[in-house]
Structures are given as structure tokens and as C-alpha cells.
Amino acid sequence: MERLDSAIAGSGRVVVLGGDAGVGKSRLIHDLKHEAAARQIRIIEGRCTSTESSVPYAPLMNALRFRIAKGEGQAVAEILGPLRAVLAPIFPQLESSESAESAAARDRERPFELIFSVLERLASVEPMLLVLEDVHWADQTSLELLHHLAHRAPSLRMLIVATYRSDELHSGHPLRRLLGALARDRVGEDVRLEPLSREETRDMLRCLLGTEPDDAFAAAIWRRSEGNPFFVEELVSAVAGFGGLLPSAEAAAILERAPLPATVTEAVLERVSALGPAAVETLSVAAVIGRSFDFEDLRGVLGNSELELLEVLEQLVAHQLLREDRLERKDSYSFRHALMQEAVYESLISRRRRLLHRRVALLLEKRYGKTPSRLDELAFHFRIGGDHEKAYHYARLAGDEAVRLRAWDDAAQHYEHALASLEELGDESERAADLIERLAGVAWRRSQPIEGRQYTEEALRLRRALGHKEETARLLRRVASLRIEDGDTEGAGEALDEALRMLGEKSHSAQLGAIYDDLGKLSLARGDLDRAESLLMQGLSFASQDPHSAEEVPALVSLAELGVLGGDVSAGVHRLDLALALLREGRLPFERLARVYSDGVRILLLAQEYNRALAWADTAIASCTRQGIVGFDALFRAMRAVILTIASGQEDTLTQAQAAVADLRRTKRPELRDALRMLGFVHRARGELAEARSAYEEAATLGERGRPVGLALVALSEGRHAEAADILVDAFEAVPPSQPIVARQLLPYLVEALISVGRISDAGRYVESTAQLADPNGAIAQLHHAVGLLRLAQGDATDAVEELTAAADAWDQSGNRLESRRARVALLEAMLSAGQSAEGLKLGRNLLDELGRPLLPREREVVRRILRRAGVRTRPSVDSQASQPHGISPLTAREHAVLREVAQGRTNKEIAESLGIAEKTVSVHVSHILAKLGCRTRTQAARHFTEQRESLTVEP
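Described below are features of the structure shown in this document.

Each value, and the rule that gives it
- Residues numbered from 1 in each chain as written.
- Predicted model: local features only at pLDDT ≥ 70, side-chain atom pairs only at ≥ 80, totals over all residues.
- Heavy atoms only, no water.
- 1 Å grid on protein atoms, 1.4 Å probe; cavity = no way out; pocket = protein on both sides within 12 Å on 5 of 7 lines; lining within 4 Å.
- Points joined across faces, edges and corners; volume = space filled by probe spheres on them.
- Helix = DSSP H or I, 4+ residues; strand = E, 2+ residues; numbered from the N terminus.
- Nonpolar A, V, L, I, M, F, W, Y, C, P; charged D, E, K, R; others polar.
- Expected span 1.5 Å × (residues − 1).
- Buried < 20%, exposed > 50% of the residue type's maximum accessible area, 1.4 Å probe, protein only.
- Salt bridge = Lys/Arg side-chain N within 4 Å of Asp/Glu carboxyl O.
- Pairing = 2+ DSSP bridges.
- Axes fitted to C-alpha atoms, helices over the stretch in contact; angles between N-to-C directions.
- Parallel < 35°, antiparallel > 145°, perpendicular 65-115°, else oblique.
- Left-handed = near helix turned anticlockwise from the far one by under 90°.
- Contact = heavy atoms within 4.5 Å.

This paragraph deals with the layout of surface pockets. Counted as a void, the second largest pocket has a volume near 1,400 Å³. Of all the secondary structure elements, the ones that give two or more residues to the lining of the second largest pocket are helix H2 (25–38), strand S4 (158–165), helix H10 (198–209), helix H12 (229–240) and helix H14 (262–273). Tallied by class, residues from the lining of the second largest pocket come to 19 nonpolar, 12 polar and 18 charged.

Take a look at the structure:
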């Protein structure tokens, strides 16, 4: 519209608007004419056609025909003046007088000047828009006229817009010379319309449909249309014809398989057929080969000489049906648009298609049969050509290559095609069973558990029918694993027992070690540690007999779990160290490897070996990345967040846990349940109790494993002590006596809940029974903690101080900062109750302002309440003061840590080294701290910090 405004103001111009057919030139011209009409601008339109490409001044004549047809012949004649005689032979309606004819004879040598004078007279009366469409079909004289007008247009109140199809401009087209001249002379303007981007296509769909299209639908339309607006409209119309489907993923799937709309096919074939039979034959074979093709491949199928084929290709490139893709030492060509290839391909009758596909397949096999990158093409051409045996062979090889490259989607597609070829052959032999097993493995790696289960069950059916004992036993183990994920331990046991019966105990099968290991883990889950140990030792014995197997690793991990659960933590950890060393050799199938990693991290958390657990989680994440497993690394990222929340607090573990849950939710993996529980733990550790409850409750809807201890701990923090006590009592009493470490994990929380509801004697009974459980490693932190809480409730504050001090020290030694803090909060109350005011005051200060790990809001209030009860007056700390209603925002945990370093006079560089963060990050934190505290200098902020630390005083 800016160019139209300029023309109205007296500075006309010529704009040449180009683009492929259907790219939107007509729509743009329509909008331009609408705007011109609204501004009372005269519009004159002319159009070139392929039938008038040799007629002089064809576009101008077309415009005159339009005005004459409207009954304006006399007006046109008057406007034309001397030009009237020149054009009278073409337009009988323009009656010419004798004097006009004689004038025409004088002016025939200067028609451009006459035409310009006509336009000048028209533009002097009123501003004008002259539209000349499809000038790629214009005659040479008309193009020269356009060049002439481009030089003279600045003196007119006229905008001249000429459109052309860029895909019709062959290399020697005269319009190319005009465009070059306009650019060289810097007159006129060549505007190219490009195809729509992905987002622009979505915007167009939104306007066409009046609703927001599904992502898959928008992507399918954009991919197939390549952003051409005409193709977009036609494809949408085609989808609308399929029963009024909504723009959904379902419609996208139908669109991918739907034939081209007739309008698109006709538009393409019209251009192709005009070039003759040789061009049609060449394009037909090229369309069968694919969107892109090699010169020698095309020549080999056609049987042409090099020169014959070259002449045809030059013609097709010149008319922009093909384009040359210059690759390294190779002549390659491609269709300009995928729908061009599709239209030519669909025009072939089916029998001819099959014939051409077979010819292409045989040629490619001869030339590229052993080239991995061409396996998928070979499989495709043999499949469509009807040779299903070779189609199976190459599709399976293509699938294996995709697996090697971790391209799981491609692998699944190739294996499915191979399986379809076997079905065409009526083959349900070992080949089919093997393919289905491969598909099951790929589905697991693609995070498609439902498909993976279906493939596993189908493979099991085939293996049973074929009498393959070893393979059937392996699949029964996989079925057992799937049933355990569903919580069906009984069904899992039945599957494993069947596998064992099938192999026989005297068998030398490599599956025996794994089967006994799986049975042992089931016994562990049921609490039968004696039977578990017997089975696991058998599994380890069988696995060790095969020097090429790594099945001893799962057995070692299971035995480690057995040791830790039974209280022999050091032996269990030693076995895990050995297992990790063997794991790094990577000889286990990844499905089994992943379970070993997750079990290892869980066991190490139970053993309070946080650094080792972190190393296992990091190794598992790296392994997932190397293997290209979709989504599974999220489970270990969630585990990592839990470990760091317990032991460090130096990273943003909440973001890590949330991202892990989001990834598992997106990929729909069954590990989402465990990740949600881990997210609940991180929220609870941060004092975000509503969020923690939400995560725990969602995990429960996916199938709770065990009793909802996480929800009980949230209830305890929320002050709903009776609810917490009931759940914790049930969970504690369900722990077998053979698993003292689990009982001790629950004990401090159980005692706190029971004391809160006045059941002190019950708390004492549970403490006494737990103290009697064997504990060869002296894991005493939980027991000291529980005993200290009990003594405090019983009024023995001195013993409580001793026990809680021992508990806090033991928690510190294990690296559990969360439990250490809980123990010290209880220790503060015990100290003040025992009359140890000075020690209590010192501990209170440290708790309220602990470097790098400030108390949670709930714990902070508990500490203040304890201090106030003991007669200690407290002022709000920096954090709470900042939260008071005077316009200052609260400091974050990291800002609090940075402020303490500032108060000690450290530079930004020193703070960065101390806290393990970037110096630039420290600078940002300092700026935020000054703004929040209302301070202008670091000195003022340091003084503010010091005042808050000294704000604990004993009441007189």
C-alpha cells in the first residue's frame, strides 16, 4: 500500500511481482485492487495468455477489450487519440477517420510515445492502477514497452503492477532480460513472493478453518504443500471432503495417504504434457525413482543415450519442472515441488508403476546393493514392484542400520515394512518372530509401552508355536517384567516359573541366571529374604558360567539390595561397586541395563551413599544418551534431583524434577509414576506442601507401590498429625523384621507423629522394638533421632540433647542435610528445655541463618516459636523482614547465601569460588539484594545482615 500512496502523490512506479504458481500473487492483486477501489482510484486490468504470446501489446489490448466490452468504446477512442488509428485494425469498434489514419502513418514509428501519452492523459484526470497479469506470456514488444514505462513512470500518478510465474521462466526467457535490465537501470521493482513458512501456513489454516489446527495437521499440510497457498487451500478442501473431518491428528494421517486434489494434478499435468512424449516418459520414470534422482540412475532405467537424456533434461530444467542439484562429482536432479512428482506419479496406471519400480529396484540393486544409505530405497522399490522376498531382505537390513544409528522411528517403519512383506509371502517362521521381537525392542526405546507389549505377546505366541525354548523363555522373562510394572507380581511369578519349567534345571541355557535373578527379586519384593538369597545365589552361579555374559551384574545388584535391606550395608555397597565396574563394559541389553541402574540408585539412597548414588545416576544418563533411548533418561534426572536435594541443595533441583516429569508425561513412559513421587519429595523438602501433595496423589492414580508414606509426611508437615500417624503405623508394621533399615527410615517420622497425637507409650514401644533389630554396621542416625524425640516428650531433656546431638552428627556424616536440619530443630528445643540457654541461642542463630542452606519457612517459624517459649526475643531475619509489607521482596536462598559472603567482606570473585557459581551470576545476585533491601552500597547490605544476626537476645 505504500507504493500505491506514492503513486497517488505523483511518483508512479512499475512493480513486477513474481512467484511460483499458486504462491499468492492473485490474492495480493485482489487486495490491492480492493484498496484502490476504496480510494476512488481508476483500475485498468490486462492479462496475457499463452495463446497471445506473439501478439504485440497483448496485455494492453486485453485491458482495452475489457473497457470496450463495458460499452466504453467511444470514450476509449477519444482517449487513444493518434493511437486509435494504430490499433483500429485489431479493434473494429474503434472507428478511424481518414485524418486519423494519415496521422497514424506518421506516428507508427513511435508507438511507445503514443502509449505513454495515453497513460499520461488518463493519469492526469485521476490516479490509476494498471494491472498486467501473467507477463511471462507477454510478447517481446510488450516487455519492451514495460521497460519503457518503467523509465517514464515516476512522472505519472499511476502504479503499474505486472505479475509473472517464476516457475515458467526457462533460462532463455525474454522476461529474464527485462528483469535484469530493470535491476541494472535501477528502474522498476522486482518483488518475489516466497512460499509460506511453517508458522505462516498455520496462520493461513487458522483463517481458512476458523479454528486452531492441531500441530500434526498443520505440519502435514505445510510439509505436503511446501508452503504454497494454492496447494494449502486445495489440500484443506480435499480433507473437508472426507466426511467433514476436524483439523486433527487423525485428519493429518488421512491427508498423508489421500490422493492429490484433481485441481492440483491438472495444473501440473497441463505443464508436463505441453512438452511432448519424451518429456512425459522421462518425468514418469523420474517420479518413480523419487523426488530427487541421479542422472545415471534415470538413464539406466530409460535406456537412453547420454545425449538424448541430456536434451530432455535441459528442456525440463529450462521450463522449471526440474532443477539441477549440484552434488559432489555427481549430476543430480529433483522436482521443484513434491506435489509435481506426486501428480506425475499418480497419473501412471498401476501396472506401469509396478513395472517401473521393478526396473528401478534391479538397477539400484546392481549399483548400490551393499550401500547402507540406499537400503531403504531398495526395499521400497522391490515392495511396490511386487518382489516381497527382496523387499523383506532390504527392509530388515535398513531397519538394522537405523537401529545402529539410533533412528528409532525409521527402524520401526523399516521393520514394519519387512513384516508386511513376510505377510504377503504367508511366512510365520522364525524370520517373522525375530522381526516382531525387534519391533518390541524399538517400541520400548521409542517410549511406546502399549505397542511394545503387543509385539512381545505376539512374538511369544510365534516362538511357542515354533517350539523355540530359549527364545520363549527370554520372552516370558520380558512378560514377567511387564506384569511387575502393572503390579501383578503373581502373574510375573507364573511367567517365570513357566520359563524355568520349559528350560529344565539341568539346562545349560544362558537364560537360567536371569530367570533365577528375576525370581529372587520377586521374593525380595514380597519380603521373603531367605528365599530371595537362595534364588539370587543360584542366579549368580549360573550367570558366572558364561564368560561372555554380563548377567552376573543384575544378580550382584539384587544381592546388594538384599544385604542393604538386611542391614549389612557395607557388603551391599561393595557389591554395587563391583557391579558398576562391570556395567561400564556395557554387555547387557539396555532394557536390563536400565533396570539395574534404577535399582542401584534406589539401593544406594537407602544405604545413604549419596555420592555413589549420584555417580550411578550420571552414568545412567550418559548411557541413555549414547543409546538414544527416548525419554528414559528423565527417570535418572529425577533421581539426580532427589539426591542433590538431600545432600547438596546447590542446584535448582525443582526445575530438574519438573522437567523430568514433563518429559515422561510427554513420552507416556510408565516411569512417570516414580518421577512424580520424586517431584513430590523435592516439593516437600522445599516446604511446598500443596504441590507435594498434588504430585504424590497423581502418582497414586498411576498405581501406588506400597503405602502412601509420602502423603503421610506431607500431612505431618501440614499439622494433620492423626492422619499421618495412622498411615505411618500401617507402613511401619508392614515392614518385615528382616528389613531393619526400612524400619529405621520410618521410625523418626512415626515417633514424631505419635507424640503429636499424645501416643507417647506407643512411640516408646516402636522405638524399643526397632532398637532390638540387628544392625551390623551401626546405622544409628535414625535411632538416635527417634530416641531423642521420645526422651524430649518424656521430659528427659538432658538425654534428649545427647541423643539428638548424636543424631545430627550422624546425619552430617552421612551427608543428609535435610535430616540433619530436622534433628537440630528438635535439638534446639531440647537444649532450651535442659536450661542450656547459651548453647541454644548459638544454635538458634545458626539455624536461622545457615550458610547456603537457610531453613524452610515452616521450620523457621518452629525455631522462632521454640526460642520465644524459652524467653528469647527474635527479630525477623533478612528473609522474613523482606517479606513484611513495606515494598521489599524476600531474598531467595541463593541471595541469602551471597549476602552472608558480602557481609564477610568478600569480593564477587571470591564469592563465586566459594559458592561454585559464575562471577557474573554473583554480580546479578548482589544487584537484586541491594534492590530488595533498599540499600545503595555493599557496606549497607553487610550492616543490615549483621544487625539481623545479632537480633536474638534473652529477655530480662
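On we go from here.
Because each turn of an α-helix spans 3.6 residues, side chains separated by three or four positions end up pointing in the same direction. Taking 1.5 Å per residue, 17 residues should reach 24 Å; helix H31 (residues 590–606) reaches 24 Å between its end C-alpha atoms and fits that length. Counting buried residues in H31 gives 14 out of 17 residues, a clear majority hidden from the surface. In the segment just after H31, Gln 608 is the residue with positive phi, at about 60°.

Bringing the pattern of salt bridges into the picture now. Taken as a whole and judged by the stated rule, the model has 60 salt bridges. Between Asp 190 and Arg 192 there is a salt bridge, with the nearest N and O atoms lying 3.1 Å from each other. The class for Arg 192 is partly exposed, based on a relative accessible area of 46%. Close ionic contact of Arg 602 with Glu 561 constitutes a salt bridge, the shortest N to O distance being 3.0 Å. A residue pair is termed long-range when its members are at least 10 positions apart, and Arg 602 in helix H31 and Glu 561 in helix H29 (residues 552–565) qualify at 41 residues. Owing to a relative accessible area of 38%, Arg 602 belongs among the partly exposed residues under this scheme.

It is worth spelling out the sheet that holds strand S3 (residues 128–133) at this point. Read from one edge of the open sheet, 5 strands run S2-S3-S4-S1-S5, paired in parallel fashion. What marks the edges here is a single partner per strand, and that holds for strand S2 (42–47) and strand S5 (189–192). Taking each pair of neighbouring strands and ignoring which way they run, the sheet shows an average axis angle of 20°. Here strand S1 (residues 13–19) pairs with S5 via 4 bridges, running parallel. By the bridge assignment for S5, Val 16 is matched with Asp 190.

Close contact between helix H16 (residues 295–302) and helix H19 (residues 350–368) brings their axes to 9 Å; oriented N to C, the two are set at 130°. By the angle between their directions, the pair H16 and H19 is classed as oblique. In this structure, H16 crosses over H19, and the sense of that crossing is right-handed. Note on element contacts: H19 touches H16 through Arg 359, Val 360, Leu 363, Leu 364, Arg 367 and Tyr 368, opposite Glu 296, Asp 297, Gly 300, Val 301 and Leu 302. Taken together, the residues of the contact of H16 with H19 sort by class into 6 nonpolar, 1 polar and 4 charged.

This paragraph deals with unusual backbone geometry. Located in the positive-phi region is Arg 406, a residue other than glycine, with phi close to 60°. Relative to the assigned elements, Arg 406 resides in the loop between helix H21 (388–404) and helix H22 (408–424). Assessed through its relative accessible area of 34%, Arg 406 is described here as partly exposed. Phi angles above zero are rare outside glycine, and Gln 608 is one such case at about 60°.

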